[in-house]
Amino acid sequence: MPDQPPTWIIQRLDKSHDRSSFDCGKSELNDWLQRLAGQYERRDLARVYVAVRGDDPQVAGYYAISNHLVRYDALPEDQAKGLPTIDIPVVLLGRLAVDKTSQGQGLGSHLLIDALRRAAHISEHIGIRAVEVDAIDEAAREFYLKYGFVPLLDDQHHLFLPMQVIRKLELPPL
């Protein structure tokens, strides 16, 4: 019988999750999860969601989201057209990482889709123009570009996915 693909459960980070050995290959993402994610949660600076397998508390991947603003002058012309010249409200996908033991199994995509679903839900209650991300490196940039993110004008790694595009995906509700 062929191996079944892993079934991940995405949950909000809490003390029951084991983050101690998380290693995605990027020390700043590992350190943030291990040392700072809990503080960001408690201080209402971000919401951190982790992927686990079943009852295993070991974190296989995570992402963090919060609100943010994108400067109007960073918007590509097609995105700025018709908007007031104000900073634009967005959901910031601040971090997204997958442990080396789970890389190459689709977990990064699964986490991204979950984050987009949460952003779509939030946008039904408050004004949100897009999901924003600062890709950590070129590989991350390519990952986001393949999902339709577009570069902003201020930095090629500063990316933006409009809510109108996310809504067209017709993602299942939370």
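Data block above holds the structure.
So, how was this worked out
- Residues numbered from 1 in each chain as written.
- Predicted model: local features only at pLDDT ≥ 70, side-chain atom pairs only at ≥ 80, totals over all residues.
- Heavy atoms only, no water.
- Helix = DSSP H or I, 4+ residues; strand = E, 2+ residues; numbered from the N terminus.
- Contact = heavy atoms within 4.5 Å.
- Core = buried A, V, L, I, M, F, W, Y, C linked by side-chain atoms within 4.5 Å.
- Buried < 20%, exposed > 50% of the residue type's maximum accessible area, 1.4 Å probe, protein only.
- Pairing = 2+ DSSP bridges.
- Axes fitted to C-alpha atoms, helices over the stretch in contact; angles between N-to-C directions.
- Phe/Tyr/Trp six-rings, centres within 6.5 Å; stacked < 30°, edge-to-face > 60°.
- Lys NZ or Arg CZ within 6 Å of the ring centre and 35° of its normal.
- Salt bridge = Lys/Arg side-chain N within 4 Å of Asp/Glu carboxyl O.

Participant: Help me out: how do you make sense of the environment of L92 in this one?
Facilitator: Take L92: it is sitting in strand β4 (residues 88-98). Sequence separation of L92 and D73 is 19 residues, and the distance between their C-alpha atoms is 18 Å. L92 has contacts with A64, I65, S66, H68 and E132, leaving out every residue within four places of it along the chain.

Participant: Could you clarify how one ought to interpret the nonpolar core in this entry?
Facilitator: Note on soluble globular proteins: their nonpolar side chains tend to be buried together. By size, the foremost hydrophobic cluster in this structure holds 29 residues, and its most contacted members are Y63, L93, L111, L112, V131, Y144 and F149. Among all residues touching Y144, those that are not within four sequence positions of it are L93, L96, L112, V133, A135, F149 and L159. Among the nonpolar cores identified, the runner-up in size contains 15 residues, and F22, L33, A46 and A64 belong to it.

Participant: How should the sheet that holds strand β5 (residues 130-134) be read in this particular structure?
Facilitator: Paired through backbone hydrogen bonds, the strands of a sheet run either parallel or antiparallel to each other. The mixed open sheet is built from seven strands, whose spatial order is β1-β2-β3-β4-β5-β7-β6. One side of each edge strand has no neighbouring strand; the edge strands of this open sheet are β1 (8-12) and β6 (150-151). By the bridge criterion, 10 bridges tie strand β3 (residues 61-70) to β4 in an arrangement that is antiparallel. Looking across to β4, one finds that V70 is bridged to I88. Here helix α4 (residues 138-145) sits on the sheet in contact with β4, β5, β6 and β7 (158-162), set at roughly 15° to β7.

Participant: Any chance you could explain unusual backbone geometry here in plain terms?
Facilitator: Leaving glycine out, the prevailing phi sign among residues is negative, and the prevailing peptide bond configuration is trans. We note that D44 has phi near 60°; this positive angle belongs to a residue other than glycine. Topologically, D44 is positioned in the loop between α1 (27-42) and β2 (47-53). One non-glycine residue with positive phi stands out, namely E170, at about 50°. Within the fold, E170 resides in the segment after α5 (163-168).

Participant: I'm lost on the packing of aromatic side chains in this one. Help?
Facilitator: Centre-to-centre distance and the angle between the planes together describe a pair of aromatic rings. Counted by the stated rule, this structure contains seven aromatic pairs. Pairing Y144 with F149 gives two aromatic rings, centres 5.2 Å apart and planes at 65°, and the pair type is edge-to-face. The same class applies to Y144 and to F149, which are both buried. Three or more aromatic residues joined by ring pairs form one cluster here, namely F22, W32, Y40 and Y62. If you follow R118 out to its NZ or CZ, it ends over the ring of Y49, 3.8 Å from the centre.

Participant: Could you clarify how one ought to interpret the pattern of salt bridges in this entry?
Facilitator: Side chains that differ in charge, positive against negative, can pair when their charged atoms come close. The final tally for this structure, using the stated rule, is 12 salt bridges. With a closest N to O distance of 2.6 Å, R47 and D44 form a salt bridge. Taking the shortest distance from any N to any O, the salt bridge between D154 and R71 comes out at 3.8 Å. Highlighted residues: D154 in the loop between β6 and β7 and R71 in the loop between β3 and α2 (77-80), separated in sequence by 83 residues.

Participant: Would you take a moment to explain the pairing of β7 for this structure?
Facilitator: Strand residues, when the strand is regular, have side chains that alternate between the two faces of the sheet. Judged by how many residues are buried, β7 sits mostly within the fold: five of five residues are covered. Taking every second residue as pointing to the same face, both faces of β7 are buried, with H158, F160 and P162 on one and L159 and L161 on the other. The pairing of β5 with β7 spans five bridges and is antiparallel. If you follow V131 over to β7, its bridge partner there is L161. The pairing of β6 with β7 spans two bridges and is antiparallel. Directly across from P151, in β7, lies its bridge partner L159. Between β6 and β7, which pair antiparallel in sequence order, lie six residues.

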